[in-house]
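# Summary of structural features
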Protein chains: 2
Amino acid sequence: MHAEFYAGPVQTESTRLRLRELILDGHYPPGSRLGEVEVAETLGVSRTPVREAFRALAADGLLAAAGRGLRVVRLDGEELSQVYRVRAALEALTAELAAERQRAGRLAPAELADLAALAERTHRATADGELTLAVRLNRGFHRRIAELAANQVALHALDRLWDQIQVSTLRSLRPPARTALVDAQHRELLDAITAGDPAAAAAAARRHVLDTRAADGTAADDKE
Amino acid sequence: MHAEFYAGPVQTESTRLRLRELILDGHYPPGSRLGEVEVAETLGVSRTPVREAFRALAADGLLAAAGRGLRVVRLDGEELSQVYRVRAALEALTAELAAERQRAGRLAPAELADLAALAERTHRATADGELTLAVRLNRGFHRRIAELAANQVALHALDRLWDQIQVSTLRSLRPPARTALVDAQHRELLDAITAGDPAAAAAAARRHVLDTRAADGTAADDKE
DNA sequence: CGCACGTTCGTTGCATGCAATGCATGCAGA
DNA sequence: TCTGCATGCATTGCATGCAACGAACGTGCG
């Protein structure tokens, strides 16, 4: 494909990001097959950057080989449960680290205020039934904690897990029944970090993630 | 490059694996720059599968962008420490899961015997000064536990972390001073799993990894 | 009528060509 | 001598061509 005005040399990384967005948005639903040509035409690039994006996203666990070609990963209940157990372990770690940093006085008050604001906005969006926004804000809340933990490795590993979970739970935009519980657990986690109590923060994060697993896990039993 | 006898269509995945081996073996040391053409000629393939392998290995955290092109990742002390904290959290999880499965009677006696044999062989190789073998067996011991945990997600995440650690600690093949401690901790971990005690297994695994971090971390202070 | 085999088409695997970028080197001027 | 710029080179970014694999389909035979 020709571009009238050649956009520049960094097409391949942007291709990866744009394709990832399409997958996370549900444009390519879980289980759907991805063809090089079709994706290349959709994104307006040639097959080469698409193939490279395929490899990177496959390494990130978003795409999986399916005989000929690749498919968007579709986790069954057991696999999703495994993802959640790993996520629980990692979020327990990030919460613990964030609380440690708070105890050591290395967190700015503004950072904690931001986190609290995120929790509040998440709660409001959920209560208002803005499900898509609520999902994004919820992920933002958890991600902010991982950022406060100041551990790039944990943050990157969690990003990959969140991506996998987001793809696999796209269909079942959650029944907002647990709204009160989620908000209470978010506050508990926030309070533990604010108090600089690593053990409490780790325990709260672990419990919250495992509770979420229970909710999403049952919801994921909707067969396609 | 031309191959007299065309080897088959699955060159790209094998390229990724062979390049990974070269990096883990130290053929391309940490920090060294990887050129598409040079690697392609070394492996006897064209630049295309090499580029795809680059993307996949970069997503796995083995390669990192460095201005023009890619370099083998070189973790500084702080980053390595972060990797170890994540590894500790994940190995605590896998040890816990393995112990849970043992308690539930889902581990075959032969599996535990294999694990014990691995611990013993690791100990002997270390005592004999067979450092390269010892490193491989040690990784095998930890990996076997992750396999017994039956959590593919944790296993894959750990594989990536082990790769990063292996690359970054290649130079400093460890002073076998901690031999006795390592062996004792391996036995403690093994015993906790055998006893079906998840909490003890998790604690033993976490402590062991963090102790290893302390050893490798100081060793990694050897500047190149 | 069913099964098996062959053919064809679509898709991917890989190689290579061309263009553009960025770095290094050397020259000129202050 | 140092700084600034221009030019050349090495290397990557991307596109496309060609060949092989595999799947779907149709046909012929049992």
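Criteria and cut-off values
- Residues numbered from 1 in each chain as written.
- Chains lettered and ligands numbered in written order.
- Predicted model: local features only at pLDDT ≥ 70, side-chain atom pairs only at ≥ 80, totals over all residues.
- Heavy atoms only, no water.
- Contact = heavy atoms within 4.5 Å.
- Buried area = accessible area lost by both parts, 1.4 Å probe.
- Salt bridge = Lys/Arg side-chain N within 4 Å of Asp/Glu carboxyl O.
- Least-squares fit on C-alpha atoms with pLDDT ≥ 70 in both.
- Core = buried A, V, L, I, M, F, W, Y, C linked by side-chain atoms within 4.5 Å.
- Buried < 20%, exposed > 50% of the residue type's maximum accessible area, 1.4 Å probe, protein only.
- Helix = DSSP H or I, 4+ residues; strand = E, 2+ residues; numbered from the N terminus.
- Pairing = 2+ DSSP bridges.
- Polar contact = N/O pair within 3.5 Å; in protein donor to acceptor, adjacent residues only side chain to side chain.
- pLDDT = per-residue confidence, 0-100.
- Expected span 1.5 Å × (residues − 1).
- Axes fitted to C-alpha atoms, helices over the stretch in contact; angles between N-to-C directions.
- Parallel < 35°, antiparallel > 145°, perpendicular 65-115°, else oblique.
- Left-handed = near helix turned anticlockwise from the far one by under 90°.
- Nonpolar A, V, L, I, M, F, W, Y, C, P; charged D, E, K, R; others polar.

## Notes on the interface of chain A and chain B
Between chain A and chain B, the residue contacts involve 26 residues of the former and 26 residues of the latter. The contact between chain A and chain B buries some 2200 Å² in all, and 57% of this surface belongs to carbon and sulfur atoms. The three residues of chain A that bury the most area against chain B are E52, R85 and V153 of chain A, which together make up 25% of that side's buried surface. For the interface between chain A and chain B, the tally reads six salt bridges. Note that R85 of chain A and E100 of chain B form a salt bridge whose closest N and O atoms lie 3.2 Å from each other.

## Concerning the relation of the copies chain A and chain B
After a rotation of 180 degrees and a shift along the axis of 0.0 Å, chain A superposes on chain B with an RMSD of 0.1 Å. Read as a symmetry element, the transformation amounts to a two-fold axis. A share of 100% of interface residues in chain A that are also interface residues in chain B marks the association as one of identical surfaces.

## Topic: the nonpolar core
Counting 44 residues, the largest nonpolar core has V86, L90 and L161 of chain A together with V86, L90 and L161 of chain B as its most contacted members. Sorting the residues of this core by element identifies α4 (77-103) and α7 (152-168) of chain A together with α4 (77-103), α6 (131-149) and α7 (152-168) of chain B as the ones contributing at least two each. Residue contacts for V86 of chain A: discarding those within four places in its chain leaves L161 of chain A together with L90, L93, N151, V153 and A154 of chain B.

## Topic: the sheet that holds strand β1 (residues 33-34) of chain A
As a general point, the strands of a sheet are linked pairwise by backbone hydrogen bonds and lie either parallel or antiparallel. Residues and elements named next belong to chain A. Spatially, the three strands line up as an open sheet ordered β1-β3-β2, and their pairing is antiparallel. Every interior strand has two partners, whereas the edge strands, β1 and β2 (63-65), have only one. Two strands pair when backbone bridges link them, and β2 and strand β3 (residues 70-72) are joined in this way by three bridges, in the antiparallel orientation. In the strand pairing of β3, A65 is matched with L70.

## Considerations on the sheet that holds strand β1 (residues 33-34) of chain B
Read across the open sheet, the three strands follow the order β1-β3-β2 (chain B); overall the sheet is antiparallel. In this open sheet, the two strands that pair with only one neighbour each are β1 and β2 (63-65) of chain B.

## A short note on the environment of L155 of chain B
Residue and element names in this part refer to chain B. Among the secondary structure elements, L155 is positioned in helix α7. With 64 residues separating them in the primary sequence, L155 and E91 have C-alpha atoms 9.3 Å apart. With sequence-adjacent residues up to four places away left out, L155 is seen in contact with R143, A146 and E147.

## A few points about the side chain of T122 of chain A
Residues and elements named next belong to chain A. On the secondary structure map, T122 appears in helix α5 (residues 109-127). Judged by relative accessible area, T122 falls into the buried class, the value being 4%. Only 2.7 Å separates the side chain of T122 from the backbone oxygen of L118, close enough to count as a polar contact. Excluding residues that lie within four positions of it along the chain, T122 makes contacts with A134, L137, N138, F141 and H186.

## Structural notes on the pattern of salt bridges
All chains considered together, the criterion is met by 42 salt bridges over all chains. A salt bridge links D159 of chain A to R143 of chain A, with the nearest nitrogen and oxygen atoms 2.8 Å apart. Of the two residues, D159 of chain A sits in helix α7 while R143 of chain A sits in helix α6 (residues 131-148), which places them 16 residues apart along the sequence. D159 of chain A sits in the buried class, given a relative accessible area of 15%. In this structure, D114 of chain B and R144 of chain B form a salt bridge, with 3.4 Å as the shortest nitrogen-oxygen distance. Of this pair, D114 of chain B sits in helix α5 (residues 109-127) while R144 of chain B sits in helix α6; the two residues are 30 residues apart in sequence, bridging distant segments of the chain. Among the charged side chains, a salt-bridge network with shared partners connects R20, E21, D114, R139, R143, R144, E147, D159 and D163 of chain A.

## Description of the confidence of the model for chain A
Residues and elements named next belong to chain A. Averaged over chain A, the pLDDT score is 88; the fraction of residues at 70 or greater is 89%. Of all helices and strands in chain A, the one with the weakest mean pLDDT is helix α9 (residues 198-219) (88), whereas α4 scores best (97). Contacts for the low-pLDDT stretch residues 220-224, under 50 throughout, to residues beyond four places or in other chains number three contacts.

## Examining helix α8 (residues 179-194) of chain A
Residues and elements named next belong to chain A. Along its 16 residues, α8 runs 22 Å from first to last C-alpha, staying within 8% of the 22 Å computed at 1.5 Å per residue. Residues of α8 that are buried: T179, V182, D183, Q185, H186, L189, L190, A192 and I193. Looking at the residues trailing α8, positive phi occurs at G196, about 70 degrees.

## Examining the packing of α5 of chain A against α6 of chain A
Residues and elements named next belong to chain A. Relative orientation of the contacting elements α5 and α6 amounts to 160 degrees, with a least axis distance of 8 Å. Between α5 and α6, the angle is such that the two are roughly antiparallel. Between α5 and α6 the crossing geometry is left-handed. Each of E111, D114, L115, L118, A119, R121, T122, A125 and T126 in α5 lies in contact with α6, whose residues at this interface are L133, A134, L137, N138, G140, F141, R144, I145 and L148. Taken together, the residues of the contact of α5 with α6 break down into 10 nonpolar, four polar and four charged.

## Some remarks on the packing of α6 of chain A against α7 of chain A
Residue and element names in this part refer to chain A. Their axes nearest at 10 Å, the elements α6 and α7 cross at an angle of 165 degrees. Compared by their axis directions, α6 and α7 come out roughly antiparallel. Note on packing geometry: the crossing formed by α6 with α7 is right-handed. Side by side, α6 and α7 meet where R139, H142, R143, A146 and E147 of the first sit next to L155, L158, D159, W162, D163 and Q166 of the second. Counted by class, the contact of α6 with α7 contains four nonpolar, two polar and five charged residues.

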